[in-house]
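# Chain and residue survey
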Amino acid sequence: MTSFFGFFEKRCDPVLCRLAKYVVPYKWHLLLAVICMSFVAGTTALTSVLLGKLMDKGFYEQDSQMIVAAPVLLIAVTLMFALASVAGNYLLTKISQKILITLRTQMFANLLRWPLTRYQTYSTGLVCSKFVNEANIALRGAVQSVLVMARDSLQVLWLFAVLVWQDWQLTLVACVVGPVAAFLLRRVRRHMRDIVNDSQKAIADTLSRVQESYEAQRVVKISGTYDFEAQRFKTINEAIRKTGLNKLKLQSLGTPITQVVTMMGVAVVVAFAMLKAQHGGLSFGDFITFLSAMLFLMTPLQNLAGLNATFTAVSVAGKSLFSLIDEPLQPDNGTVELPSVKGAIAFENARVRYAGAQEDALKGLSLSVKPGEHIALVGHSGSGKTTTVNLIPRFVDVTGGAVTIDGVDVREFSLENLHKHIAVVSQDVILFEGTIRENITYGLETSTVETVMKACEAAALTDLINTLPHGLDTQVGEAGNLLSGGQKQRISIARALLKNAPILILDEATSALDSESEHTIKQALERLMKGRTTLTVAHRLSTIENADRIVVMDKGEIVEMGTPAELLVKGGIYARLKKLQVLDSE
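### Concerning the overall build of the chain
In terms of regular secondary structure, the chain is built from 19 helices and ten strands. For the chain, the residues scored as buried account for 45% of the 586 residues in total. Looking at the chain alone, contacts between residues at least 24 apart form 78% of all its contacts between residues at least 6 apart. Element-wise, carbon and sulfur atoms account for 61% of the exposed surface of the chain, whose accessible area totals about 31000 Å².

### Re the packing of helix α14 (residues 449-458) against helix α16 (residues 485-499)
Helix packing for two helices is described by the angle between their axes and how far apart those axes are. Taken N-terminus to C-terminus, the directions of α14 and α16 make an angle of 130 degrees; their axes are 8 Å apart at the nearest point. In terms of orientation, α14 and α16 fall into the oblique class. The two elements α14 and α16 meet at a crossing, and its hand is right-handed. Together, Thr451, Val452, Ala455, Cys456 and Ala458 of α14 and Ala494, Leu497 and Leu498 of α16 make up the contact between the two elements. Of the residues contributing to the contact of α14 with α16, the split by class is seven nonpolar, one polar and no charged.

### Comments concerning the pattern of salt bridges
Tallying each qualifying case throughout the model produces twelve salt bridges. Between aspartate 360 and arginine 351 there is a salt bridge, with the nearest N and O atoms lying 3.3 Å from each other. With relative accessibility at 17%, the residue aspartate 360 sits in the buried group. Lysine 454 is paired through a salt bridge with glutamate 450; the nearest N and O atoms lie 3.7 Å apart. Of the two residues, lysine 454 and glutamate 450 both sit in helix α14, four residues apart, roughly one turn of that helix.

### Topic: the nonpolar core
Residues Ile99, Leu103 and Phe322 are the most contacted members of the largest nonpolar core, which totals 38 residues. Residue assignment for this core shows that the elements contributing at least two residues are α2 (14-21), α3 (27-60), α4 (66-111), α5 (124-166) and α10 (284-325). Non-local contacts of phenylalanine 322, meaning those with residues more than four positions away in its chain, are made with Val15, Arg18, Leu19, Tyr22 and Leu103.

### Some details on the packing of aromatic side chains
Taken as a whole and assessed by the stated rule, the structure comprises four aromatic pairs. Aromatic side chains tyrosine 22 and phenylalanine 322 sit 6.1 Å apart centroid to centroid with 20 degrees between the ring planes, which places their arrangement in the stacked category. One end of the pair, tyrosine 22, is in the loop between α2 and α3; the other, phenylalanine 322, is in helix α10, and 300 residues separate them in sequence. With respect to class, tyrosine 22 is no different from phenylalanine 322; both count as buried. Measuring from ring centre to ring centre gives 5.5 Å for tryptophan 114 and tyrosine 119, while their planes differ by 50 degrees; the resulting arrangement is tilted. Over the face of the ring belonging to phenylalanine 322 we find arginine 18, whose NZ or CZ atom lies 4.0 Å from the ring centre.

### Here's the deal with a nonpolar patch on the surface
Among the surface-exposed residues, Trp28, Leu31, Leu32, Ile35, Phe39 and Met80 lie close enough to one another that they form a single nonpolar patch of about 620 Å² accessible area. Among the elements that line the nonpolar patch, the one with the most residues is α3, at five residues. Structurally, tryptophan 28 can be placed in helix α3. Using a relative accessible area of 61% as the deciding quantity, one classes tryptophan 28 as exposed.

### Concerning the sheet that holds strand β8 (residues 533-537)
Taken together, six strands build an open sheet; the order of strands is β6-β7-β8-β3-β9-β10 and the sheet is mixed. Looking at the sheet topology across the chains shown, the edges are occupied by β6 (422-426) and β10 (557-562). Sheet twist, expressed as the average angle between the axes of neighbouring strands with direction ignored, equals 20 degrees. As defined by bridge partners, strand β7 (residues 503-507) adjoins β8 across five bridges and the pair is classed as parallel. Bridged to leucine 506 within β8 is threonine 536.

### With respect to the sheet that holds strand β4 (residues 400-405)
The sheet built from four strands is open, its strands ordered β2-β1-β4-β5 with antiparallel pairing. Looking along the sheet, the strands with just one partner apiece sit at the ends: β2 (362-369) and β5 (408-409). Pairing analysis gives six bridges linking strand β1 (residues 345-352) to β2, with the strands arranged antiparallel. Within the sheet, the bridge partner assigned to phenylalanine 347 lies in β2 and is leucine 367.

### Section: α16
Across its 15 residues, α16 extends 21 Å between first and last C-alpha, which sits within 8% of the 21 Å expected from 1.5 Å per residue. Among the 15 residues of α16, 13 are classified as buried, and the element is accordingly described as predominantly covered. Count one or two residues on from α16 and you reach asparagine 500, which has phi positive near 55 degrees.

### Description of unusual backbone geometry
At asparagine 349, a residue that is not glycine, the phi angle is positive and equals roughly 50 degrees. Relative to the elements of secondary structure, asparagine 349 occurs in strand β1. One non-glycine residue, lysine 555, lies in positive phi territory at about 55 degrees. Note that lysine 555 resides in the loop between β9 (549-554) and β10. You can call lysine 555 exposed: its relative accessible area is 59%.

### Focus on the side chain of aspartate 409
Mapped onto the elements, aspartate 409 comes out in strand β5. Here the side chain of aspartate 409 touches arginine 411 through a polar contact of 2.9 Å, landing on its backbone nitrogen. In this structure aspartate 409 touches Ala402, Val403 and Thr404, once residues within four positions along its chain are discounted.

### Details of the side chain of asparagine 390
On the secondary structure map, asparagine 390 appears in helix α11 (residues 385-390). Residue class for asparagine 390 comes out buried when judged on its relative accessible area of 13%. Not counting residues within four places of it along the chain, the set of residues in contact with asparagine 390 comprises Leu116, Phe395 and Val396.

### Describing α14
Among the residues of α14, those classed as buried are Val452, Ala455, Cys456 and Ala458. Down the axis of α14, the sector holding all buried residues measures 165 degrees, keeping them to one side. The outward face of α14, more than 90 degrees from its buried face, is lined by the exposed residues Val449, Glu450, Lys454 and Glu457. After α14 finishes, the residue alanine 460 shows a positive phi value of roughly 60 degrees.

Quick notes on the rules
- Residues numbered from 1 in each chain as written.
- Predicted model: local features only at pLDDT ≥ 70, side-chain atom pairs only at ≥ 80, totals over all residues.
- Heavy atoms only, no water.
- Helix = DSSP H or I, 4+ residues; strand = E, 2+ residues; numbered from the N terminus.
- Buried < 20%, exposed > 50% of the residue type's maximum accessible area, 1.4 Å probe, protein only.
- Contact = heavy atoms within 4.5 Å.
- Areas by Shrake-Rupley, 256 points an atom, 1.4 Å probe, with all protein chains shown as cover.
- Axes fitted to C-alpha atoms, helices over the stretch in contact; angles between N-to-C directions.
- Parallel < 35°, antiparallel > 145°, perpendicular 65-115°, else oblique.
- Left-handed = near helix turned anticlockwise from the far one by under 90°.
- Nonpolar A, V, L, I, M, F, W, Y, C, P; charged D, E, K, R; others polar.
- Salt bridge = Lys/Arg side-chain N within 4 Å of Asp/Glu carboxyl O.
- Core = buried A, V, L, I, M, F, W, Y, C linked by side-chain atoms within 4.5 Å.
- Phe/Tyr/Trp six-rings, centres within 6.5 Å; stacked < 30°, edge-to-face > 60°.
- Lys NZ or Arg CZ within 6 Å of the ring centre and 35° of its normal.
- Patch = residues over 30% accessible without salt bridge, like charges linked within 9 Å, V, L, I, M, F, W, Y side chains within 5 Å.
- Pairing = 2+ DSSP bridges.
- Expected span 1.5 Å × (residues − 1).
- Polar contact = N/O pair within 3.5 Å; in protein donor to acceptor, adjacent residues only side chain to side chain.
- Arc of directions from axis to C-beta.

Take a look at the structure:
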């Protein structure tokens with residue numbers, strides 16, 4: 001089977017060839033489906049032969065047995081056709097569903113292992129479109145294509161054999177039809193690929209627009225931009241209508257072209273057959289067999305002509321799916337597996353330049369952090385604070401220099417082992433649809449009730465849980481929308497406490513909270529930071545007054561470093577930021 005695909009790989013669309021390789025594990029199911037389709041094709045050819053023979057026997061030879069035999073034989077052949085058709089369709093659908101699961105599994109597994117920069121390349125709507133719309137198009141079209149190719153190609157072969165066997169001269173006349181239809185259909189296909197691409201892009205844009213508007217519904221309401229959003233959606237919706245209409249027009253051309261050309265061929269053949277019959281070279285039964293075989297040929301030829309558009313849609317959708325599967329994953333070549341770390345972190349002349357950027361986001365940053373030390377990173381937006389902390393769990397990789405934990409380059413750890421030693425609490429809290437318990441124990445499902453409750457207590461969650469009728473088993477809603485910002489943040493802290501990792505990253509963990517919530521969260525964070533190496537990214541300088549050292553960054557470089565008191569005396573950037581925030585609070 002592998003050699004079969006290798007033979008055709010250079011002779012067909014590479015996307016279609018790659019999709020076909022997914023069938024290899026189900027080759028016996030496919031073989032059985034093809035056998036069923038061959039029965040379907042055979043019964044069609046047999047029907048045309050029977051019609052001719054029954055005509056001669058019943059009408060010319062006046063065989064009385066044909067009165068019973070004719071309907072019995074035709075019904076028997078029809079039943080064989082129906083049973084074989086149902087069995088073949090079922091087997092092909094079963095194969096397609098298994099392949100669909102395989103493709104979506106590969107896409108999802110790769111999606112979670114992309115480097116951070118790849119998530120900025122694809123919109124959510126585009127990714128969802130690939131999972132839902134394009135995956136269905138590819139597999140549904142592939143099944144339809146295999147069905148048509150197996151059934152209708154065999155039907156054409158069987159019926160063509162009947163035509164040649166019945167009268168090879170008339171068959172030669174009929175063969176003039178094929179090249180004309182093929183030429184016309186090739187012209188149609190050239191335009192189909194671009195239209196299918198436009199159609200899928202329009203669907204992805206629609207998904208993105210709906211998601212964005214849904215998530216921003218409060219902004220839309222307060223801004224009174226209902227008409228504006230409706231107009232934006234109308235524009236995208238109109239694009240879908242136009243591409244869909246253009247696609248339908250081209251798809252619908254295939255069948256009429258084949259039908260017209262085929263009927264022209266039938267007309268010519270009928271004329272030649274009548275001429276031959278007048279000279280005694282063709283009986284009425286033979287003519288009925290030949291004519292019925294030609295008419296039976298029309299449907300499979302029309303279906304095969306329709307493959308032109310189907311193959312194009314499958315190829316475009318498949319290419320889109322494989323673009324997602326083929327995205328480079330985050331490198332994970334490390335072999336170091338440490339059961340625990342002390343938490344000493346060192347940035348050694350670390351440089352980072354993002355793709356397409358003209359200059360480095362970090363310009364040779366060097367910093368040593370002792371185990372258990374609390375380092376706070378401050379500076380203006382874009383100064384490189386978040387990039388710095390993202391280097392530790394390898395959300396971003398250095399383009400120069402190194403980052404080490406306990407003297408081991410983070411790239412030498414396996415990603416799974418590296419992430420085991422790090423906990424992150426960020427401004428944008430991510431909660432999954434489910435219960436409070438499921439969100440706290442995410443990735444830590446073996447945790448006992450006792451340890452979960454201790455984490456909740458340390459995160460100041462106990463009072464909240466006690467007021468809820470279902471306690472820990474209370475649903476949080478989609479993205480935690482049934483909870484307040486402070487409640488979600490405390491769940492995030494409880495998750496970090498339960499993980500008990502020696503290294504903690506706090507990225508603007510309190511910036512979106514009100515003063516009362518901030519005070520509660522600050523106390524919970526102090527309990528979380530105890531005994532851990534902590535790097536805090538903060539805009540609110542009041543939240544980092546207890547930091548061991550403050551690192552002030554500007555344009556990717558460290559410009560100041562020291563204790564809060566030392567930096568205030570120094571009168572530099574930190575002192576100015578502190579003064580501005582004091583004035584703002586007044």
